[in-house]
Amino acid sequence: MQKSVVEKIVADWNTVVLKEAFEEVSFSVPREIIIAFLKYLHEDIALDFDHITDLTAVDFPNEEARFEVVYQLYSIEKNHRIRVKVRVPEDDCTIDSATGIWKGANFLEREVYDMYGVVFNHHPDLRRILMTEDYNEGYPLRKDFPVEGRGWRDSFEFLSEQKQGN
Amino acid sequence: MGEPVIDHYADDVEVTPEKSPRRVEDMLLNMGPQHPATHGVLRIVLDLEGEIIVKATPHLGYLHRGVEKLAEDATYTQIIPLTDRLDYICAMTNNYAFVRAVEKLLQITIPQRAEYIRTIVSEMQRLSGHLFWLGTQALDIGAMTVFFYTFREREVLLDLFELLCGARLTVSYFRVGGVDRDMTDEVIDRLYKFLETFPEKIDEYNTLLETNRIWVARTKGVAFISGKDAINFGLTGPVLRASGVHYDVRKAQPYGVYDKVEWEVPLGKNGDTYDRYWIRIEEMRQSAKIIKQCLDQIPKGAIAADLPMITYPPRERVMTDMESLIHHFMIATRGFEVPEGEVYSSIEAPKGELGFYIVSQGGNKPHRCRIRPPSFINMGAFDHMARGYMIADIVTIFGTYDIVMGECDR
């Protein structure tokens, strides 16, 4: 990504934190301004981030604000990428939805809700997407969810090996 | 042409039930999860008004195996076979996307020969993926013959994969730092031989379909999406390019040796299923061109980077000396240390942009391994693309994405 573009974003927003590593640019943004910031990235002609490549979350169980929602954005016209990160605490696990900016955010936000339990305000259809809709054993990609699953498997009736032999 | 026959949002169609002599009601139709045209297990609930689709709600997750969760509990080497099972039609490109992300995190470069081999096998995979799509898509909408023709060529490619790495579908051929085995002269010769006749075979498929009036009528103007909408929905791959948007990761951010060979990105105009078919046909021609040039240019040399902490020792040595055997065992079981950091790296898979976002906190396992699945994100536009078409078109609309549920549900 061009230096001038990064400098422009830093100059326009004093509350975002820039980090550059592995030739990638990422911005940490406070939760309150996220939609305004994304709108700016989408609509500013010099930036023109028209393509939402990915939207996901990362769980950091030992940190104060536990979840980090990550947006990967791309501009097809300008050919540059950016990553926007927002921290969401566990006790108030909500963030505003970006579906008003990119329609592609719809399924991706549903997946984050499904896997991490982050609620997206003003989302048109916030339901679980990969797990069943009545799944109530928690959020699978949280770090405190065991890899082998929780509860459901124990309810299966297993035949003991001896019984099978008879 | 190109526009659906009726208004997209048919909510306000003027029907007054009391006055109408016939009873009018909306119908809810369930399709799947075990429908032969869904290529896996996908369920769609269709809101119908007569034969017209008012709303289509996809219900995903029937093939959800929690690959992202499993990846957090596996070493980087152990994740490679997991990626095979995402898009199981195109395992090579999945491997490629993953190892490239890890290599970016480790900041290592790989030998030229390995780069060439990687490019060749991922283009072979694109050929076999597109051949699979072409055969099944035509089969789904009633043109059965093409299926037998495309699978004939796909078989040749799969045999070559078997010769190269011992497996046909779940290949696990890539390694962090290189590839598993060298490309033998026999593979290269057979590939040359295949490429000699392949362009004629493409013409053959073309003849079978383009002269089939029913097939043409069922694909032209079906599943239309405009370029602007396609970008807004985050679509990638042939679905995006058929709407005339020039975005191909291989050109935009070249990797492998794509910048050393000559090829073009085919672009569509109408954004319908027919254009997507045309794009894939052209991509096959381009892929054949890329493989040919790579085979001409491929240098001799090592196939894996010389980094004893990361790459396996050569196979011959593992079989003969003790130290190499222990070395191999250590890397296979304990993996390797990856520095702290986060990267996003993507490649152009046959379905679209396949990306991996890896967050590492040091150690031999990733803290988070996010897969950016092209099929899943393309599926997000399904409702938008299905509205206003007839119920008979729904199979075409599925088929247009080249969807594989293993990748969609992960």
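Residues numbered from 1 in each chain as written. Chains lettered and ligands numbered in written order. Predicted model: local features only at pLDDT ≥ 70, side-chain atom pairs only at ≥ 80, totals over all residues. Heavy atoms only, no water.

*Asks:* For the overall build of chain A, give the residues involved together with the corresponding values.
*Replies:* Secondary structure summary: chain A contains four helices and seven strands in total. Going from the N terminus to the C terminus, chain A shows its helices and strands as α-β-β-α-β-β-β-β-α-β-α. Expected size for 166 residues packed as a compact globule is a radius of gyration near 15 Å; at 20 Å, chain A overshoots this value by more than 25%. Expressed along its principal axes, the backbone C-alpha trace of chain A runs to roughly 75 × 30 × 30 Å. Accessible surface, chain A as shown: approximately 8500 Å² in total, 48% of it carbon and sulfur. Separation between the mean location of the 20 positive side-chain charges and that of the 32 negative ones in chain A comes to 1 Å. (Helix = DSSP H or I, 4+ residues; strand = E, 2+ residues; numbered from the N terminus. Rg over C-alpha atoms; globule rule 2.2 N^0.38 Å. Areas by Shrake-Rupley, 256 points an atom, 1.4 Å probe, with all protein chains shown as cover. Lys, Arg positive; Asp, Glu negative; His and termini not counted. Charge placed at Lys NZ, Arg CZ, Asp CG, Glu CD.)

*Asks:* Tell me what's going on with the interface of chain A and chain B, and back it up with residues and numbers.
*Replies:* Facing the 44 residues of chain A at the interface are 48 residues of chain B. Considering only the side of chain A, the residues that lose the most area to chain B are F22(A), F107(A) and L130(A), jointly responsible for 19% of the buried surface there. For the pair chain A and chain B, the interface holds nine salt bridges. Across the pair D229(B) and K103(A) runs a salt bridge, and its minimum N-O distance is 3.4 Å. Where chain A meets chain B, there are 30 residue pairs in polar contact (both at pLDDT 80 or more). Those elements giving two or more residues to the side of chain A that touches chain B turn out to be β2 (24-29), β3 (51-59), β4 (67-75), β5 (80-88) and α3 (105-116) of chain A. Among the elements that take part in the side of chain A that touches chain B, β3(A) stands out by supplying nine residues, more than any other. (Contact = heavy atoms within 4.5 Å. Buried area = accessible area lost by both parts, 1.4 Å probe. Salt bridge = Lys/Arg side-chain N within 4 Å of Asp/Glu carboxyl O. Polar contact = N/O pair within 3.5 Å; in protein donor to acceptor, adjacent residues only side chain to side chain.)

*Asks:* Summarise the packing of aromatic side chains; cite the residues concerned and give the values.
*Replies:* Aromatic ring pairs are defined here through the distance separating the ring centres and the angle between the ring planes. According to the stated counting rule, one finds 24 aromatic pairs over all chains in the structure shown. When the ring of W13(A) is compared with that of F37(A), the centres are 5.2 Å apart and the planes differ by 85°; the resulting orientation is edge-to-face. You can see W13(A) sitting in the loop between α1 (3-12) and β1 (17-21) and its partner F37(A) sitting in helix α2 (residues 34-43), a full 24 residues away along the chain. For W13(A), a relative accessible area of 16% translates into the label buried. Relative accessible area serves as the criterion here: at 0%, F37(A) is assigned to the buried category. Taken together, the ring pairs connect Y96(B), Y173(B), F174(B), Y255(B), Y258(B) and W263(B) into an aromatic cluster. One Lys or Arg, R110(A), reaches over the ring of F107(A) and ends 5.5 Å from the middle of that ring. (Phe/Tyr/Trp six-rings, centres within 6.5 Å; stacked < 30°, edge-to-face > 60°. Buried < 20%, exposed > 50% of the residue type's maximum accessible area, 1.4 Å probe, protein only. Lys NZ or Arg CZ within 6 Å of the ring centre and 35° of its normal.)

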